Amino acid sequence: MIQNINESTSVPATTQHAHPHLQLIPGIFMLGFLTLGAVFALISPGLRDLPEGKDVITGEWAVTYEKTFNKGLPWRDTGIQAWGTLEYFAFQNGRPGVLVGKEGWLFTTEEFQFFKNEAQETRQKLETIQQVQQQLKAQGTELVVALIPAKTRVYADKLGRYPMPSYTLKRYFSFRDGLLQAGIPAPDLLTPLIQARNSGEVFLHTDTHWTPFGASVVAESVKTALDQLQLNLPTTAFETRDSAEIQHSGDLLKYIPLGPYQDQGPQPDHFTEKVTEQASTDSSALLGDAPDDASDLLGDSAGVPVALVGTSYSFNPKFHFEGALKQALQVDVLNMALEGKGPMVPMQEYLKSSAWKDTPPKVVVWEIPERFLPVHYEETP
């Protein structure tokens, strides 16, 4: 499990308010807000609405009570929006979890955090990846790591008053060097992503993730790495077409609650969704979609030469990494990525699945975002 990063990390001083002399204003606002909040909490009907049939020992009772209590608080949402509005328009700050950059660009604070055990964690991850590579190779399967550079690294010029902390500057390069020295293919994804900015946006303004275009750039680099392995993968013809133009409210927008003034803050992203489909009439069509139950995949995964393991970058079809890989490789891909689990748990689950045990692919592409490298996980593959 991902360690509670708030317990072991801190946001650097450079990410604090740019106008310290004005910090009394939110302090006074907060004091008044807390006083009113205490009064409303005491009169809230949720205070006396005790849950029934919930286990106290496991914490189920407390969680249920907290949810009921919060829902019953009068003006809760209004208070959050009022505080968010003050922070954003007075200081260009969002709620904890986001940093407001230039020209509508938002960045997650996860990419700025300091991890006191980073050297130990990254060393452990490198060792784990080596162990996975050996386990895969024992079954004749190659491993390629797609190390996704941080959004802050690709769009450093959009950070504004928040320069990248010094302790993050070498993170991507040193870890990729470690992979290469260990004999693990890991294509350079930073250079092509930066170069591709001349042709389009490779990350979303209001989200931590990439655009479909960014995913396609990475897929082409992964293809180059696979070509060098000379795996002679069985090909399948795939075609990609534009789908609907969509509005996407990124995961970072929730940290800027502006209520009725939302249209005056950072605006949702707009992009064209992509759809990749098999072009031939071969009977092996469309084997690449992972079923909900990862333990029962034999029927759908048989014969798929490439497995994709990773995070929400690969899991979410909006970002189209699976389709981009199919398009770039002209090879079927089994997507075993999971959302909200980080990069290590999905590999752990994949190696326990029948998809791996019964029908190992020719190659596994392991997508690992840079920002997860120093994060501690209890479970490892």
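Note that the coordinates shown come from a computational prediction; the quantities given were computed from them, not determined experimentally.

Q: Just checking my understanding: could you explain the UniProt feature "coiled-coil region" (unreviewed entry) in the chain for this structure?
A: Residues annotated by UniProt as "coiled-coil region" (unreviewed entry) correspond here to residues 112-139. The distance separating the terminal C-alpha atoms of residues 112-139 is 39 Å; by composition the span is 71% helix and 7% strand.

Q: Is there a simple way to think about the nonpolar core in this case?
A: The nonpolar side chains of soluble globular proteins are, as a tendency, buried together. Ile129, Val145, Phe203, Trp210, Tyr350 and Trp366 are the most contacted members of the largest nonpolar core, which totals 75 residues. Here this core takes 7 residues from helix 9 (residues 212-229), the largest share from any one element. Discounting residues that sit within four places of it in the chain, Ile129 has contacts with Leu143, Val145, Phe175, Leu179, Ile184, Trp366 and Ile368. Counting 8 residues, the second largest nonpolar core, distinct from the first, contains Tyr88, Val98, Leu106 and Leu253.

Q: Help me understand the sheet that holds strand 5 (residues 142-148) in this model?
A: Hydrogen bonds along the backbone pair up the strands of a sheet, which may run parallel or antiparallel. Spatially, 5-10-8-9 is the arrangement adopted by the 4 strands of the open sheet, whose pairing is parallel. If you trace the sheet from one side to the other, it starts and ends with strand 5 and strand 9 (333-335), each paired once. Taken pair by pair, the neighbouring strands of this sheet meet at an average axis angle of 20°, ignoring direction. Pairing of strand 8 (residues 306-309) with strand 9, which is carried by 3 bridges, proceeds in the parallel orientation. Bridge pairing in strand 9 places Val306 opposite Val333. Lying over the sheet, helix 9 contacts strand 5 and strand 10 (363-369), oriented at roughly 155° with respect to strand 5.

Q: Please clarify how the packing of aromatic side chains should be interpreted in this entry.
A: In this description, an aromatic ring pair is defined by two values, namely the gap between the centres and the angle between the planes. Summed over the entire model, instances satisfying the criterion amount to 7 aromatic pairs. Seen in terms of ring centroids, Tyr88 and Phe89 are 5.1 Å apart; in terms of plane orientation they differ by 80°. Their pairing is edge-to-face. Phe89 sits in the partly exposed class, given a relative accessible area of 38%. One aromatic cluster is present, formed by Trp210, Tyr313 and Phe321 through successive ring pairs. The cationic tip of Lys151 hangs over the ring face of Phe107; the distance from NZ or CZ to the ring centre is 5.2 Å.

Q: Can you walk me through the environment of Thr108 in this structure?
A: Mapped onto the elements, Thr108 comes out in strand 3 (residues 106-108). Accessibility expressed as a relative area gives 7% for Thr108, which makes it buried. Along the chain, Thr108 and Gly97 lie 11 residues apart, while their C-alpha atoms are 5.8 Å from each other. Apart from the residues within four sequence positions on either side, Thr108 is in contact with Gly97, Thr208, Leu252 and Arg371. A distance of 3.1 Å separates a polar side-chain atom of Thr108 from the backbone nitrogen of Glu110.

Reading the values: rules and limits
- Residues numbered from 1 in each chain as written.
- Predicted model: local features only at pLDDT ≥ 70, side-chain atom pairs only at ≥ 80, totals over all residues.
- Heavy atoms only, no water.
- UniProt positions renumbered as here; feature names shortened; annotations may be inferred.
- Helix = DSSP H or I, 4+ residues; strand = E, 2+ residues; numbered from the N terminus.
- Core = buried A, V, L, I, M, F, W, Y, C linked by side-chain atoms within 4.5 Å.
- Buried < 20%, exposed > 50% of the residue type's maximum accessible area, 1.4 Å probe, protein only.
- Contact = heavy atoms within 4.5 Å.
- Pairing = 2+ DSSP bridges.
- Axes fitted to C-alpha atoms, helices over the stretch in contact; angles between N-to-C directions.
- Phe/Tyr/Trp six-rings, centres within 6.5 Å; stacked < 30°, edge-to-face > 60°.
- Lys NZ or Arg CZ within 6 Å of the ring centre and 35° of its normal.
- Polar contact = N/O pair within 3.5 Å; in protein donor to acceptor, adjacent residues only side chain to side chain.

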